[in-house]
Amino acid sequence: MDRTEKRAFVASLATVFAETNFVLVAQNKGMTVADVSNLRRQMRAAGATYKVAKNRLATLALDGTRFQGISPLLKGPTALAWSADPVAVAKTAVEFAKGNDKFVILGGALGTQVLNADGVKALAALPSLETLRAQLVGLIQTPATRIAGVLQAPGGQVARVLAAYAKKDEAEAA
């Protein structure tokens, strides 16, 4: 890379760091091209981006951002992953790390909060953003359904009482 390419790379990474909520740092020492391609494919499917970056350039891009706390993790052959949905990145990375011992999660940052590897694994255990939204909608709909059931119950009870009196009157008339 020449200087202009390096500047462009640092600027693009700085833009990414300004727009994303979560950055994961992992060590990819000894991974084959097929493994990296498979990981990239899985990350892309989860809506995330996976990029191997030179540590010095990544550190320059991190300066002045809210993710500056992960700079000490950038030692050795490292890679960065990010996404708008932090749980998707963490889940994909943790699942991949289970099957590939050469991929080691070093940590990450969720906003200004720096996470170690255990923190990333805990984040991966959370439900995804879409699942949380579905659960929230379910919680909102449940009280409305119960209210409708309670409101309908007295009307139904009144109708049954009136029907019982009507049957009683018919039986007495006959």
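Before any of the text, the structure's been laid out above.
Thresholds applied
Residues numbered from 1 in each chain as written. Predicted model: local features only at pLDDT ≥ 70, side-chain atom pairs only at ≥ 80, totals over all residues. Heavy atoms only, no water. Phe/Tyr/Trp six-rings, centres within 6.5 Å; stacked < 30°, edge-to-face > 60°. Helix = DSSP H or I, 4+ residues; strand = E, 2+ residues; numbered from the N terminus. Buried < 20%, exposed > 50% of the residue type's maximum accessible area, 1.4 Å probe, protein only. Expected span 1.5 Å × (residues − 1). Arc of directions from axis to C-beta. Contact = heavy atoms within 4.5 Å. Patch = residues over 30% accessible without salt bridge, like charges linked within 9 Å, V, L, I, M, F, W, Y side chains within 5 Å. Areas by Shrake-Rupley, 256 points an atom, 1.4 Å probe, with all protein chains shown as cover. Salt bridge = Lys/Arg side-chain N within 4 Å of Asp/Glu carboxyl O. Lys, Arg positive; Asp, Glu negative; His and termini not counted. Charge placed at Lys NZ, Arg CZ, Asp CG, Glu CD. Pairing = 2+ DSSP bridges.

Novice: Please provide a residue-by-residue account of the packing of aromatic side chains, values included.
Specialist: Across all of its chains, the model carries four aromatic pairs by this definition. Residues Phe17 and Phe67 carry aromatic rings whose centres are separated by 6.1 Å and whose planes lie at 65° to one another, so their mutual orientation is edge-to-face. Separated by 50 residues along the polypeptide, Phe17 in helix α1 (residues 3-19) and Phe67 in the loop between α3 (55-62) and β3 (78-83) bring together distant segments of the chain. Of the residues examined, Phe17 reaches a relative accessible area of 1% and is grouped as buried.

Novice: Which residues make up α1, and what are the values?
Specialist: Spacing of three or four residues puts side chains on the same side of an α-helix, whose turn is 3.6 residues. In this model, α1 (17 residues) spans 24 Å end to end at C-alpha, consistent with the 24 Å of a helix rising 1.5 Å per residue. Within α1, the full set of buried residues consists of Phe9, Val10, Leu13, Val16 and Phe17. Projected onto a plane normal to the axis of α1, the buried residues spread over an arc of 120° and lie on a single side. In α1, the exposed residues that point more than 90 degrees away from the buried face are Thr4, Arg7, Ala18 and Glu19. Packing partners of the buried residues in α1 comprise β1 (22-27), β2 (49-52), α3 and β3.

Novice: Any details on a positive patch on the surface? Residues and values, ideally.
Specialist: Together, Arg3, Lys6, Arg7 and Lys54 give the surface a local cluster of positive charge. Position of Arg7 relative to the elements: it lies in helix α1. With a relative accessible area of 56%, Arg7 lands in the exposed category.

Novice: Could you give me a rundown of the pairing of β3, with the residues and numbers involved?
Specialist: A regular strand places its side chains on the two faces of the sheet in alternate fashion. Most of β3 sits out of view: six of its six residues are buried. Judged by which residues are buried, β3 turns out to be covered on both faces: Thr78, Leu80 and Trp82 on one side and Ala79, Ala81 and Ser83 on the other are all buried. One ladder, built from six bridges, connects β1 with β3; its direction is antiparallel. Paired with Leu24 across the bridge in β3 is Ala81.

Novice: Describe the environment of Pro72, with residues and values.
Specialist: Along the polypeptide, Pro72 turns up in the loop between α3 and β3. Spatially, the C-alpha atoms of Pro72 and Leu115 are 12 Å apart, while their sequence positions differ by 43 residues.

Novice: A description of the pattern of salt bridges should follow, citing residues and the corresponding values.
Specialist: As enumerated under the stated definition, the model contains one salt bridge in all. In this structure, the salt-bridge partner of Lys98 is Glu95, at a minimum N-O distance of 3.4 Å. In this pair, Lys98 and Glu95 are both assigned in helix α4 (residues 86-99), three residues apart and thus about one turn of the helix distant. Classification of Lys98 by relative accessible area gives exposed; the value is 63%.

Novice: I'd like a description of the side chain of Thr92, backed by residues and values.
Specialist: Considering the arrangement of structural elements, one finds Thr92 in helix α4. Accessibility expressed as a relative area gives 12% for Thr92, which makes it buried. If sequence neighbours within four positions are ignored, Thr92 has contacts with Gln42, Met43 and Ala46.

Novice: Lay out a nonpolar patch on the surface with the relevant residues and their values.
Specialist: There is a patch of nonpolar side chains on the surface, built from Leu136, Leu139 and Ile140 and spanning about 340 Å² of accessible area. Among the secondary structure elements, Ile140 is positioned in helix α6 (residues 129-173). For Ile140, a relative accessible area of 57% corresponds to the exposed category.

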